[in-house]
Amino acid sequence: MPENAKTVEQLHIILERDKNKIYQRINEVEDKHDTNYADLKLILTTFIETQKPLSKMVESIDNELKKLNSNVTDITRRVDKVEGKVTAHDEVLEKRSNANTTIIVAVIGSITTFGSAALGFSQIFFK
């Protein structure tokens, strides 16, 4: 028998006292959990409220990125067009360069031929 209870009534009193201690401890733990829950709820609510401006800012950044993507796409198209024009221009310049080289070779050949012919004729006439 606990604490040397001599009668059933004393035993009943001791058991009720122990039961009250257990209930008191349960209430303390429950109060502690309720307090922690309330604190956690307050912290979570505060955190959610502080994140709302961040959400708006992220939406704003998303819109700006969409605009930037559109601008970059337009610029890419324009660069592709310019690249095509530059390639066509380079081809024209290469054709002109080849034609100019052919003309210069022909002119030099003609001058050389006429120079040789003039020397040949000068030998004939000035002998």
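Refer to the structure presented above.
This one's a predicted model, so the numbers in the text were calculated from it and none came from an experiment.

So, how was this worked out
Residues numbered from 1 in each chain as written. Predicted model: local features only at pLDDT ≥ 70, side-chain atom pairs only at ≥ 80, totals over all residues. Heavy atoms only, no water. Salt bridge = Lys/Arg side-chain N within 4 Å of Asp/Glu carboxyl O. Helix = DSSP H or I, 4+ residues; strand = E, 2+ residues; numbered from the N terminus. Buried < 20%, exposed > 50% of the residue type's maximum accessible area, 1.4 Å probe, protein only.

Next up on the list: the pattern of salt bridges. For the structure shown, the criterion picks out six salt bridges. For Lys52, the salt bridge goes to Glu49, with nearest N and O atoms at 3.2 Å. In this pair, Lys52 and Glu49 both sit in helix H1 (residues 8-125), three residues apart, roughly one turn of the helix. Using a relative accessible area of 43% as the deciding quantity, one classes Glu49 as partly exposed. One salt bridge connects Asp74 with Arg77, and the closest N-O pair in it is separated by 3.5 Å. Taken together, the residues Asp74 and Arg77, both in helix H1 and three residues apart, mark about one turn of the helix. A residue is classified by how much of its surface remains accessible, and Asp74, at 36% relative accessible area, is partly exposed. Judged by relative accessible area, Arg77 falls into the exposed class, the value being 52%.

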